[in-house]
Each structure stands twice: as structure tokens, then as C-alpha cells.
Amino acid sequence: MIMYVMSQIAFVFAYLGYGFSYVLKDRPKLLTCNFVSCILFVLAYICLDAKSAIYINVVSIIRQGLLLIQEKNQSQKMYVYVFFFNIISFSL
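Okay, so let's go over this structure.

Cut-offs used in this document
- Each chain carries its own residue numbering, running from 1 in the direction its sequence is written.
- Residues qualify for local features only when their pLDDT is at least 70, as the model is predicted, and side-chain atom pairs are given and counted only at 80 or more; totals for whole chains, interfaces and linings, by contrast, use all residues.
- Only hydrogens and water are removed before side-chain values are computed, so all heavy atoms of the structure are retained for them.
- In DSSP terms, a helix is any run of H or I states spanning at least four residues, a strand is any run of E spanning at least two, and both are numbered starting from the N terminus.
- Summary of the burial criterion: residues with accessible area below 20% of their type's maximum are buried, those above 50% are exposed, and those between are partly exposed, where the area comes from a 1.4 Å probe applied to protein chains only.
- Only heavy atoms matter for contacts: two residues are in contact if any of them lie within 4.5 Å across the pair.
- Working definition of accessibility: Shrake-Rupley area with a 1.4 Å probe, residue cover restricted to the visible protein chains.
- Salt bridges are counted wherever a side-chain nitrogen of Lys or Arg sits within 4 Å of a carboxyl oxygen of Asp or Glu.
- In these notes, a set of buried Ala, Val, Leu, Ile, Met, Phe, Trp, Tyr and Cys residues joined through side-chain atoms within 4.5 Å is what counts as a nonpolar core.
- Two rings belonging to Phe, Tyr or Trp (six-membered ring only in the last case) form a pair when the distance between their centres is within 6.5 Å. Interplanar angles under 30 degrees mark stacking, angles over 60 mark edge-to-face geometry, and anything in between is tilted.

### Overview of the overall build of the protein
Link 1 in the chain: When you go through the protein residue by residue, the secondary structure sums to 4 helices and 0 strands.
Link 2 in the chain: In the protein, the order of α-helices and β-strands from amino to carboxyl end is α-α-α-α.
Link 3 in the chain: Of all 92 residues assigned to the protein, the portion counted as buried reaches 37%.
Link 4 in the chain: Within the protein, counting contacts between residues at least 6 apart in sequence, those at least 24 apart form 46% of the total.
Link 5 in the chain: Element-wise, carbon and sulfur atoms account for 73% of the exposed surface of the protein, whose accessible area totals about 6300 Å².

### Quick word on the pattern of salt bridges
Link 1 in the chain: Tallied over the entire structure, the rule returns 1 salt bridge.
Link 2 in the chain: The salt bridge involving Lys 51 is made with Asp 49; its shortest N-O contact spans 3.1 Å.
Link 3 in the chain: Looking at Lys 51, the relative accessible area reads 46%, which means it is partly exposed.

### Focus on the nonpolar core
Link 1 in the chain: With 11 residues, the main nonpolar core is built from Ala 10, Phe 11, Ala 14, Cys 38, Phe 41, Val 42, Ala 44, Tyr 45, Ala 53, Ile 54 and Ile 61.
Link 2 in the chain: Those elements giving two or more residues to this core turn out to be helix H1 (2-21), helix H2 (27-48) and helix H3 (51-72).
Link 3 in the chain: With 5 residues, the single largest contributor to this core is H2.
Link 4 in the chain: Each residue touching Phe 41, except ones within four places of it in the same chain, is listed here: Phe 11, Ala 14, Tyr 15, Tyr 18 and Asn 57.
Link 5 in the chain: One finds Leu 31, Leu 66, Leu 67 and Val 82 within the second-largest nonpolar core, a separate group that totals 5 residues.

### Some thoughts on the packing of aromatic side chains
Link 1 in the chain: Summed over the entire model, instances satisfying the criterion amount to 6 aromatic pairs.
Link 2 in the chain: Pairwise contacts between aromatic rings join Phe 11, Tyr 15, Tyr 18, Phe 41 and Tyr 45 into one cluster.

Structural measurements only, silent on function.
As C-alpha cells, this is what we get:
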């Protein structure tokens, strides 16, 4: 029962983070907010022992991390890497 309550609390904060990301105008802050929300979703799904949902959100965390790295290093264009990562991860 305690794991279920903890998952619901994590879900509330994750959805608040996603909702807050619609208000943000700055791209690095938006990506960071989505990154944290994905981590909270993983924690919630760990509490519920939903393995496939955990894997999907781990892929989202990696994608958000790649986009954050690309945003910080403007000289490097990582769009191709993110594109291929998405194709490979969704084909598994």
C-alpha cells in the first residue's frame, strides 16, 4: 500500500513538471523540467513494478539528456544522434 501511495505522489509531481514545462519559454529550462519529470515517472513506475513503462521512460531520459547536451554545446549538432537513438530504441 505504501508503494502505491509513493507512486501516486511521484505521478503528481511528474505531471506538475510536465504542466509547468508548457509555461516555460527558455528551451534549456524546458528540457531540464522534462528530464526531471521523466525521472519522477521512472520512480513512480518502479514503485508499481511496471517494467515496460520503466524502460520507455529510461529511453525518454536518455533522449532528454542528449537534447540537453546538444543545447549546452551549440557547436555540436546532435539532432542526428537523437534521431537514430529514437529509431533504434523504438525498434527494440
